[in-house]
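A look at the structure
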Amino acid sequence: MEPDYSAQDVARCDLCKTAIAQSYCDFCHVDLCKPCIGEHISDEYDKHKIVPIHKRKSTLIYPKCETHQNKTCEYQCKDCNIPICSDCIVAKQHNKEHKFIKLEEVFNAKKKHIRRVTEDLEKQFLPAYEDIANDLELQIASLDGEYKKLSTEMSRQREEIYREVDNAFNQMEKEIGEIKVKHKSILQKHLDEIKQLQSSMLQTLYALNEVEESNEVSVTINYSCKTEEFSKLPPKVILSMPKFIPKMKREDFCCLIGKLSPLSTTLKERVITAKKPYTSVRELLDEPELLNTIKTGHKNLRSVTCHNDEQIWTSGGTADIKCFDIQGVLQKTIQTKSGGMPLDIAVDTTGAMLYYDLKTTTVYKVKNDQTEAIITLQGWTPYNLCVISSGDLLVTMFSDDRTQSKVLRYSGSTVKQTIQFDDEGQPLYSGNCYLKYISQNRNLDICVADFGACAVVVVNQAGKFRFRYTGHSSPTKNERFQPYGITTDSQSRILTSDGRNHCIHILDTDGQFLRYIDNCDLKSPWGVCLDSNDGLFVCEFNEGSVKKIRYSK
C-alpha cells in the first residue's frame, strides 16, 4: 500500500483490481489507474469521460430518447414535463406550442433544492430533534426528584392534619372529662337527698316502735305520725350519656384534606426556530482592534453581559448593577435587594436581569422594577450564571464546606440537570475555589473557566466530558494560566480571559489554541461577553473599564 493512502480512503482500479485508482470514467462509473485508462477507452466508444478521481460524477448522464434511439434527451418540455432530444425539437414531433428548458438547468435547480433541504435537515431539523430528545431524557431523569417533592409535600400536609386532628380529639377528651364531673355531681346530689330521707325514715320507725311498746295513755294518744313526706317517692333522675357524633364521612374527609390532580397530557405544536445561519466564516484578524473604552465607575469590575447590541450591564464590588449604551452613557442602575455585592449577572431571553447576591446567597430576577428570588439553596452556594439558547439557566455551585463544585441547569426554579462527575466518578471541577464562569457554545457544549483548576473544562450537552484546556506555552506569558471569564462566538470558538497574563485566549471548538488577544493594552481582564456580531466586551478588574474589541471579520 502506498504511504499517501490509508485503508479507509484508498480506491482500487475496477479493471486490474490491484493498482490505486487516480482517474474515473464519469460515463461508465468505474475507477481507473493510469495504465488501465487506455484499455478502457480502446473500444472507441465516444461517450467515455475520463476525469480525476476527486471530480468523479461531475459529468451529467442524460436519459435516452425513446423516439431517437441514438440521441440523449438534453431538454425537458415544461408543459408535458417529459425529457426530449434535440431531434424531437427540430423534427417538430412535439407540440410546437410547448416551451422547452435545458435538462441541465432542471438538474442544477433540483440539486440546489436538495442541498437546501439537506442543509435544513442538518442545521435545523436534526438539532431541533436532538434538543427534543435531550429535553425528554432530562425530564425522565428528573422524575424521581419531582415525585419525591410531591410525596414530601403530602407528608408535610399529613403531619399538619395529624396535629389538627390530635388537637381536636384532645379538646373533646377534655370536654368529656368536664361532662363526666357534672354528670357525677348531679347523681351525687340526688343520692345525698335520698340518704337524708332514709335517715328521717329510720328515726320515725324508731319513734313508732317506742310508742307501740309504751303503755302510757297520754303519750300514745298525743303521738302524731308524720309519714306523708315518705308516701311520695322522689322522682327518678334520668341522665343521658353524651355520644360522639362524627360529622364527616370518609369520602368527605378525603375531599377536605385535598386531592391529587390527574396526570394530564397535552400536545403543543413545536415550531422550528431557524438558527442563525452560518452564511459566512468570520476569520480572525491579524491585529484585533480596540473600538471603545467605557468607564463604569465600578470598583473591582467583575461581570459584563449584553442586554442587546446597543446596551451592556455591568457589576462589581458594590451593590450597583449599571446599564450603559455602547458609547458609554449610563442608562439605568439597579440596586441589589440586600445591598450586598452581586457576584455575577446575566440577562434572560425576556430581557429580565438575573443576579446572584453574595450577602443572601440567592439568585434574584428583576423585571419591570420588580425583584423576586428564584433560587436559594442550603449546603451549596450559587456563584456564576449563564442563560443558554433554550432559555434555561446554568449556574455554577460551590459547597459550603469548600470541597466540591458542580453545574446545575434550571428551568425556572426547577433543577433539570446536574453536572459534577465524569464517567469514572471523578470530579469535573475543582473544589477549592468558587470562581467558575460558564458559557454554552453553539454546538451546545458547556464551557467552564475553572480558576481553581487552572483550566477550561468542556462537557457536551448531556454533561459528558469532552476536553480540558490548561493554557498555551509562550515565552511572553510568564504567569500561570488561570482563567476568569469565558464566552463563545458564532464560529463556536471559545474565548477566556487570562487576568494574570493580561490577555484573552481564543480556542477552537475542540480546545485547540488559536491565538491571543494581547495588543489592546488589557489590564487584569476578568468578565467577558459577546454581542450578536461577535463584538467582544472585556472587563478590566482594577481599572473599572469595559473595552470593546473587534477580533474577527
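Residues numbered from 1 in each chain as written. Predicted model: local features only at pLDDT ≥ 70, side-chain atom pairs only at ≥ 80, totals over all residues. Heavy atoms only, no water.

**Describing the overall build of the protein**
The test is simple: To qualify as a helix, a DSSP run of H or I must reach at least 4 residues; to qualify as a strand, a run of E must reach at least 2; elements of each kind are numbered from the N terminus. Here the globule rule reads 2.2 Å times residues to the power 0.38, and the radius of gyration is calculated from C-alpha atoms. The cut-offs for exposure are 20% and 50% of the maximum accessible area for each residue type, with area from a 1.4 Å probe on protein chains only; residues under the lower value are buried, those over the upper are exposed, and the others partly exposed. Throughout, a residue-residue contact means that at least one pair of heavy atoms, one from each residue, lies within 4.5 Å. Surface accessibility in these figures is a Shrake-Rupley result with a 1.4 Å probe; residues are shielded only by whichever protein chains are displayed. Only four residue types enter the tally: Lys and Arg on the positive side, Asp and Glu on the negative side; His and the chain ends are excluded. Note that the charge is assigned to NZ on lysines, CZ on arginines, CG on aspartates and CD on glutamates.
Each helix and strand in the protein was counted, giving 6 helices and 30 strands. In terms of C-alpha radius of gyration, the protein reaches 46 Å, well past the compact-globule figure of 24 Å for 553 residues. Within the protein, the fraction of its 553 residues that count as buried is 35%. Taking all contacts inside the protein whose residues are at least 6 apart in sequence as the whole, residues at least 24 apart take part in 43%. A total of about 35,300 Å² of accessible surface is found on the protein, and carbon and sulfur atoms cover 51% of it. The average position of the 73 basic charges and that of the 77 acidic charges among the side chains of the protein differ by 3 Å.

**Structural notes on the pattern of salt bridges**
Selection rule: One speaks of a salt bridge when a side-chain nitrogen belonging to Lys or Arg is within 4 Å of a carboxyl oxygen belonging to Asp or Glu.
Going through the model one piece at a time under the given rule, you end up with 15 salt bridges. Asp392 is the partner of Arg409 in a salt bridge, and the nearest nitrogen-oxygen pair spans 1.9 Å. Within this pair, whereas Arg409 is found in strand β18 (residues 405-411), its partner Asp392 is found in the loop between β16 (380-387) and β17 (393-399), the two being separated by 17 residues in sequence. The pair formed by Arg409 and Asp392 is uniform in burial state, with each residue classed as buried.

**Concerning the side chain of Gln440**
Stated formally: Any N or O atom pair separated by 3.5 Å or less is treated as a polar contact, with the protein-specific requirement of one donor-capable and one acceptor-capable atom, and with residues adjacent in sequence counted only for side-chain atom pairs.
Position of Gln440 relative to the elements: it lies in strand β20 (residues 436-440). A distance of 3.5 Å separates a polar side-chain atom of Gln440 from the backbone oxygen of Leu444. In contact with Gln440, not counting residues within four places along its chain, are Cys386, Ile388, Ser389, Asp445, Ile446 and Thr488.

**Digging into unusual backbone geometry**
Most peptide bonds adopt trans geometry, and most residues besides glycine take a negative phi value. With a phi angle near 60 degrees, Asn81 is a residue other than glycine that sits in the positive phi range. The exposed category is assigned to Asn81, whose relative accessible area is 55%. Phi at Ser524 takes a positive value of approximately 50 degrees, unusual for a residue other than glycine. If you trace the backbone, Ser524 turns up in the loop between β27 (513-517) and β28 (525-530). You can call Ser524 buried: its relative accessible area is 17%.

**Description of helix α3 (residues 103-213)**
How we decide: Here the expected length of a helix is defined as 1.5 Å per residue gap, with one fewer gap than residues. Here the bend at a residue means the angle between the axes of two seven-residue stretches, the one that ends at it and the one that starts at it.
Compared with the 165 Å implied by 1.5 Å per residue over 111 residues, the 156 Å span of α3 between its first and last C-alpha is a close match. The sharpest bend along α3 comes to roughly 45 degrees, located at Ser142. Among all positions of α3, only Leu103, Pro127, Ala128, Ile132, Leu138, Ser142, Ile161, His183, Thr204 and Val211 are buried.

**Some details on the packing of aromatic side chains**
Convention followed: Any two of the Phe, Tyr and Trp rings considered here, Trp counted by its six-membered ring, make a pair once their centres fall within 6.5 Å; the pair's planes then place it as stacked at under 30 degrees, edge-to-face at over 60, or tilted in between. A positively charged side chain is recorded as over a ring if its NZ (Lys) or CZ (Arg) lies within 6 Å of the ring centre. The angle to the ring normal must also be within 35 degrees.
Scanning the entire structure with this criterion turns up 10 aromatic pairs. Plain terms: the ring middles of Phe169 and Phe244 are 6.0 Å apart, the flat faces sit at 40 degrees to each other, and that makes the pair tilted. Here Phe169, found in helix α3, pairs with Phe244, found in the loop between α5 (228-231) and α6 (250-257); they are 75 residues apart in sequence, far enough to count as distant. Ring plane angle 25 degrees and centroid distance 4.5 Å describe the contact between Tyr383 and Tyr434, whose orientation is recorded as stacked. Residue Tyr383 is located in strand β16, and its partner Tyr434 is located in the loop between β19 (414-419) and β20; the two are separated by 51 residues in the primary sequence. Overall, the relative accessible area of 27% leaves Tyr434 in the partly exposed class. By way of ring pairs, the aromatic residues Tyr356, Tyr383, Phe398 and Tyr434 are connected into one cluster. Its end group placed over the ring of Trp380, Lys406 keeps NZ or CZ at 4.1 Å from the ring centre.

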